[in-house]
Number of protein chains: 2
Amino acid sequence: MPQPPYAPVNPPVRTLLGPGPSSVPPEVMAALTAPVVGHLDPEFLKIMDQVMEGLRAVFQTKNRLTLPVSGTGSAGMEAGICNALEQGDVAVIGVNGYFGGRMVEMAQRSGATVVTVEAEWGRVIPMDAIESALKKQRKVKLLALVHAETSTGILQPIVEAAKLAHHYDALFLADTVTSLGGAEVAVDGWGVDICYSGTQKCIGAPPGLAPITFGETAVEAMRKRTHKANSWYLDMSLVEQYWGAGRVYHHTAPISMTYALHEAVRLALEEGLPARWARHRLHAAALQAGLEAMGLTLHADAAHRAPMLTTVRVPDGVDDAAVRKALLTNDSIEIGGGLGPLKGKVWRIGLMGHSCNEGNVLLFLEALERALAKQGRKAQSGAGAEAASAYYRQERKKATT
Amino acid sequence: MPQPPYAPVNPPVRTLLGPGPSSVPPEVMAALTAPVVGHLDPEFLKIMDQVMEGLRAVFQTKNRLTLPVSGTGSAGMEAGICNALEQGDVAVIGVNGYFGGRMVEMAQRSGATVVTVEAEWGRVIPMDAIESALKKQRKVKLLALVHAETSTGILQPIVEAAKLAHHYDALFLADTVTSLGGAEVAVDGWGVDICYSGTQKCIGAPPGLAPITFGETAVEAMRKRTHKANSWYLDMSLVEQYWGAGRVYHHTAPISMTYALHEAVRLALEEGLPARWARHRLHAAALQAGLEAMGLTLHADAAHRAPMLTTVRVPDGVDDAAVRKALLTNDSIEIGGGLGPLKGKVWRIGLMGHSCNEGNVLLFLEALERALAKQGRKAQSGAGAEAASAYYRQERKKATT
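Residues numbered from 1 in each chain as written. Chains lettered and ligands numbered in written order. Predicted model: local features only at pLDDT ≥ 70, side-chain atom pairs only at ≥ 80, totals over all residues.

## A closer look at the overall build of chain A
Phase 1 of the analysis: Looking only at helices and strands, chain A features 14 helices and 14 strands.
Phase 2 of the analysis: Its C-alpha atoms give chain A a radius of gyration of 22 Å, within 12% of the compact-globule value 21 Å for 401 residues.
Phase 3 of the analysis: Along the first, second and third principal axes, the C-alpha atoms of chain A reach 65 × 65 × 55 Å.
Phase 4 of the analysis: Burial statistics for chain A: of 401 residues in total, 61% are counted as buried.
Phase 5 of the analysis: Here the contacts in chain A between residues at least 6 apart in sequence split such that 72% fall between residues at least 24 apart. (Helix = DSSP H or I, 4+ residues; strand = E, 2+ residues; numbered from the N terminus. Rg over C-alpha atoms; globule rule 2.2 N^0.38 Å. Buried ≥ 20, exposed ≤ 12 C-beta atoms within 10 Å, placed from the backbone. Contact = placed C-beta atoms within 7 Å.)

Put into structure tokens, the structure is as follows:
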């Protein structure tokens, strides 16, 4: 018998409290293993239509062009950017974290001239800076902002920015990779023209697909392009024909991942979006109460914290990587390290989708205390988990009175 | 309780004998549901290394830069094309089917000037035509050919073409989306510089990833580019840093699909590549014997038939779509219709990966006979399956004597 170079996969069970992926609910796992059918099978076409319908509900939009791009969140970002922009266009892009910078990089590859509006990593992009950038240009094609910056834990206000964009006759794009399903995203109500996300954060499926939606103004703009989108794979004028009534073959949809997304969206809608957002707010607040009770400092501006991702500063004298390694090794808990200028300076703790629950908050706070103690950092024993528990008790009391 | 807009997925069990996806073996299904871990988890990094090692074995290469692109086969195609080509380059591309045409489209989006070498859909691209195209240009950057054309069932000879490309100082790219794992692909032995595939055909995983490999000459050429690749998501100079020793974050790898590919590759290597190729040849020959015994005409040039995909002409007076619908409805068998100029003129019968077995050949031939009989086409009852069985008996006899 010939020997393959390795044994079957046998990954450990992790408590996923990093910036994504989050833990996948068992119902979604079960959907992953539904029988694979052809990508043009009438039964799969029905499932595609249901996924589009479900995604419209999650994005809170009536946009016809709402579907999962066959790649991860970054493919969604590139699909959003490269279909909106072409050579000769001007884009204004907010950069207050890693993912804003990534949008700039993609916009430049689309041939656009990019004007950045920057803010400190951990603060929101100010509206007046956005307006002044829009005002200075003759004609801006696109204003793009990240809703929840996964690198900083900031939740950027969107409504005002969308109005500004439209006032200056620009399209408005919002990156909701981290926020969708964990905080309100109201594509139609907020006036977002292009919005994309990922499956592996608050939606609760494995990574691999990128839900995206384009409003009619964005679709009109795509129709008027002079040049084709720079990526064939992500060209929405082709992709939409496969997901539309014509079912024109473009590429083979990732069947199993589509099943998983279908179920994850179904579970989100079954829970109810407002209930889901409230759940993310509740556990974020409990976590943050716990971290502060441990004497740690939260990094993101308190007025604009994303509920699904908390950044906390690595205390002076504490070895960032050693703490994360201890959490992973001793407690099988994953959290994230900092990116870019925040490397080694913050931890990123995600409470997203199925990972967002009371047990995980308490488990994590206790585990973090042990990991910090190993680093010689003394704290009142159990202070973090106690503060979180107190917060939960208080919220339960409120709910019942 | 709020009502989600649909019930959980419940797709039917199909016998997948179309141009892909093929049926997924149970071991691969099981791998899909292994616990999701983070994309930077040390345990996942080990799995990534194993997948790279396994893919090198399947591609028969020592190329360091061998990994799965996080998209379907078409993303692999675009990754191959857009990393090889940039503005000002000249590419010579063989077009004798749908997927050659797709490469042309992608090469043009990369800014390259494309010279096509065409052949009838169902014939190979002649070497003298390739040479004359290479000779006419001052400098050709890339010669690209499809190994197994999924639209025609043709298997293009590769060795000679690679030699020609190198003689004219061009890179050689081969599309092995349909062939890899089902017919010999010897990247190093044949001198292929860039080679990509998909997971959902002869590899036997669900669709969603695109194995790709770049030789050192191709990597050198990428390093010397003047412009960045037009897609950020598919830019191998970034992707390779995530899959390389530095583990520089680029995008979140599709964890579950990576598990599935890991297992599918493991099973292919456990079976043994030569045994797997022989299995694909055996069942293709049995199928083709059966189809001809039913009085049907095979479409692809007999000297160059791909073993994993057989094209057979729709007989005069027979309704293409009605036959496919009858197979799907009555027998839960999927086959493919024709693409482009072959639309309505051929059926495409895939025997790929796990779908490639004796039971499926016999089942299909019987089911096709019933479907054709409904169309008023009389044939000797059981002729197809009998001819296939006779072929199997004869091959077994050969094997034991």
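## Examining the packing of helix 5 (residues 127-136) of chain B against helix 6 (residues 159-167) of chain B
Residues and elements named next belong to chain B.
Phase 1 of the analysis: With their axes 10 Å apart at the nearest point, helix 5 and helix 6 run at an angle of 15° to one another. Taken together, the axis directions place helix 5 and helix 6 in an arrangement best described as roughly parallel. In the crossing of helix 5 with helix 6, the sense of the turn from one axis to the other is right-handed. Counted together, Met127, Ile130, Glu131 and Leu134 of helix 5 and Glu160, Ala161 and Leu164 of helix 6 form the full contact between these two elements.
Phase 2 of the analysis: Broken down by class, the residue content of the contact of helix 5 with helix 6 amounts to five nonpolar, no polar and two charged. (Axes fitted to C-alpha atoms, helices over the stretch in contact; angles between N-to-C directions. Parallel < 35°, antiparallel > 145°, perpendicular 65-115°, else oblique. Left-handed = near helix turned anticlockwise from the far one by under 90°. Nonpolar A, V, L, I, M, F, W, Y, C, P; charged D, E, K, R; others polar.)

## So, the interface of chain B and chain A
Phase 1 of the analysis: With 68 residues of chain B at the contact, the number on the chain A side is 67 residues.
Phase 2 of the analysis: Of all the secondary structure elements, the ones that give two or more residues to the side of chain B that touches chain A are helix 1 (26-32), helix 2 (42-59), helix 3 (73-84), helix 4 (98-109) and helix 10 (255-271) of chain B.
Phase 3 of the analysis: No other element matches helix 10 of chain B, which puts nine residues into the side of chain B that touches chain A.

## Quick word on the environment of Pro206(B)
Phase 1 of the analysis: When you line up the elements, Pro206(B) lands in the loop between strand 9 (194-196) and strand 10 (210-214).
Phase 2 of the analysis: Judged by C-beta crowding, with 28 C-beta atoms within 10 Å, Pro206(B) ranks as buried.
Phase 3 of the analysis: Non-local contacts of Pro206(B), meaning those with residues more than four positions away in its chain, are made with Val36(A), Pro254(A), Ile255(A), Ser256(A), Pro21(B), Val24(B), Thr199(B), Gln200(B), Met257(B) and Ala260(B).

## Thoughts on unusual backbone geometry
Residue and element names in this part refer to chain A.
Phase 1 of the analysis: Between Gly20 and Pro21 the backbone carries a cis peptide bond, its omega angle lying at 5°.
Phase 2 of the analysis: Relative to the helices and strands, Pro21 resides in the loop between strand 1 (15-16) and helix 1 (26-32).
Phase 3 of the analysis: The residue Arg247 is not glycine, and still its phi comes out positive at about 55°.
Phase 4 of the analysis: You can see Arg247 is positioned in the loop between helix 9 (236-243) and helix 10 (255-271).

## Let's talk about the sheet that holds strand 9 (residues 194-196) of chain A
Residue and element names in this part refer to chain A.
Phase 1 of the analysis: With respect to topology, seven strands assemble into an open sheet ordered 2-10-9-8-5-3-4, the strand pairing being mixed. In the strand order of this sheet, the two ends are held by strand 2 (65-69) and strand 4 (113-118), each with one partner. Each strand axis lies, on average, 15° off the axis of its neighbour in the sheet, ignoring direction.
Phase 2 of the analysis: With three bridges connecting them, strand 9 and strand 10 (residues 210-214) associate as antiparallel partners. When the bridges of strand 10 are listed, Ile194 appears paired with Phe214. (Pairing = 2+ DSSP bridges.)

## Let's talk about the sheet that holds strand 5 (residues 142-146) of chain B
All names here are of chain B.
Phase 1 of the analysis: Strand order across the open sheet formed by seven strands is 2-10-9-8-5-3-4, with mixed pairing between neighbours. Bordering the open sheet on either side are strand 2 (65-69) and strand 4 (113-118), each of which pairs with just one other strand. The average angle at which neighbouring strand axes cross in this sheet is 15°, direction not considered.
Phase 2 of the analysis: Relative to strand 9, strand 8 (residues 171-175) runs parallel, the two being bridged by three bridges.

## A word on the packing of helix 3 (residues 73-84) of chain A against helix 4 (residues 98-109) of chain A
Residue and element names in this part refer to chain A.
Phase 1 of the analysis: One way to put it is that helix 3 packs onto helix 4 with a least axis distance of 9 Å and a crossing angle of 45°. Put simply, helix 3 runs oblique to helix 4. Here the hand of the crossing between helix 3 and helix 4 comes out right-handed. Contacts from Met77, Glu78, Ile81 and Cys82 of helix 3 reach helix 4 at Arg102, Met103, Met106 and Ala107.
Phase 2 of the analysis: Broken down by class, the residue content of the contact of helix 3 with helix 4 amounts to six nonpolar, no polar and two charged.

## Observations regarding the relation of the copies chain B and chain A
Phase 1 of the analysis: Its rotation angle being 180°, the transformation that places chain B on chain A also includes 0.0 Å of axial translation and leaves an RMSD of 0.0 Å. Such a turn and shift between the copies fits a two-fold axis. When C-alpha positions in chain B are compared against the rotation axis, the closest is assigned to Gly71(B), at 2.6 Å.
Phase 2 of the analysis: Both copies contact each other with a shared surface, as 99% of the interface residues of chain B are interface residues in chain A too. (Least-squares fit on C-alpha atoms with pLDDT ≥ 70 in both.)

## Observations concerning the domain arrangement of chain A
Residue and element names in this part refer to chain A.
Phase 1 of the analysis: Under the domain assignment, chain A is made up of domain 1 (26-270) and domain 2 (273-400).
Phase 2 of the analysis: Measuring from the centre of the C-alpha atoms in domain 1 to the corresponding centre in domain 2 gives 29 Å.
Phase 3 of the analysis: Each partner contributes residues to the interface: domain 1 has 23 residues there, and domain 2 has 23 residues.
Phase 4 of the analysis: Its residues assigned to classes, the side of domain 1 that touches domain 2 comprises 10 nonpolar, 10 polar and three charged. (Domains from an automatic or database assignment.)

## A closer look at the nonpolar core
Here is a general trend for soluble globular proteins: nonpolar side chains tend to be buried in one another's company.
Phase 1 of the analysis: Core analysis: the largest hydrophobic core is formed by 291 residues, its most contacted members being Leu143(A) and Leu143(B).
Phase 2 of the analysis: In contact with Leu143(A), not counting residues within four places along its chain, are Val92(A), Ile130(A), Leu134(A), Ala161(A), Ala165(A), Ala170(A) and Phe172(A). (Core = buried A, V, L, I, M, F, W, Y, C linked by C-beta atoms within 7 Å.)

## Overview of the environment of Pro315(A)
All names here are of chain A.
Phase 1 of the analysis: Along the chain, the position of Pro315 falls in the loop between strand 11 (309-313) and helix 12 (320-331).
Phase 2 of the analysis: As for Pro315 and Leu296, which are separated by 19 residues in sequence, their C-alpha atoms are 7.0 Å apart.
Phase 3 of the analysis: Setting aside chain neighbours within four positions, we find Pro315 in contact with Leu296 and Arg377.

## Regarding the pairing of strand 4 of chain B
All names here are of chain B.
Phase 1 of the analysis: Of the pairings in the sheet, the one linking strand 3 (residues 90-95) to strand 4 comprises six bridges and is parallel in character. Within strand 4, the residue paired with Val95 across the bridge is Glu118.
Phase 2 of the analysis: Regarding the hand of the β-α-β motif, the stretch spanning strand 3, helix 4 and strand 4 is right-handed. (Right-handed = clockwise from strand over helix to strand, strands pointing away.)

## A closer look at helix 5 (residues 127-136) of chain A
Residues and elements named next belong to chain A.
Phase 1 of the analysis: Inspection of helix 5 places Ile130, Ala133 and Leu134 among the buried residues, and these make up the whole buried set. In an axial view of helix 5, the angular spread of the buried residues amounts to 100°, which keeps them on one side of the axis. Of the exposed residues in helix 5, those oriented more than 90 degrees away from the buried face are Asp128, Ser132, Lys135 and Lys136.
Phase 2 of the analysis: Buried residues in helix 5 make contact with strand 3 (90-95), strand 4, strand 5 (142-146) and helix 6 (159-167). (Arc of directions from axis to C-beta.)

## So, helix 11 (residues 273-293) of chain A
Residue pairs spaced three or four apart in an α-helix point in one direction, given the helix's 3.6 residues per turn.
Residue and element names in this part refer to chain A.
Phase 1 of the analysis: Between its first and last C-alpha, helix 11 extends 30 Å over 21 residues, near the 30 Å set by a 1.5 Å rise per residue.
Phase 2 of the analysis: Within helix 11, 15 of the 21 residues are buried, which leaves it mostly tucked inside the rest of the structure.
Phase 3 of the analysis: Immediately beyond the C-terminal end of helix 11, within one or two residues, lies Gly295, with a positive phi of roughly 85°. (Expected span 1.5 Å × (residues − 1).)

## Looking at the pairing of strand 5 of chain B
Residues and elements named next belong to chain B.
Phase 1 of the analysis: For strand 5, a buried count of five out of five residues is recorded, marking the element as mostly surrounded by other parts of the structure.
Phase 2 of the analysis: Burial along strand 5 is two-sided: the face carrying Leu142, Ala144 and Val146 and the face carrying Leu143 and Leu145 are both buried.
Phase 3 of the analysis: The pairing of strand 3 with strand 5 spans three bridges and is parallel. Looking at strand 5, one finds that Ala91 is bridged to Leu142.
Phase 4 of the analysis: Relative to strand 8, strand 5 runs parallel, the two sharing five bridges. Bridge assignment links Leu145 to a residue of strand 8, and that residue is Ala174.

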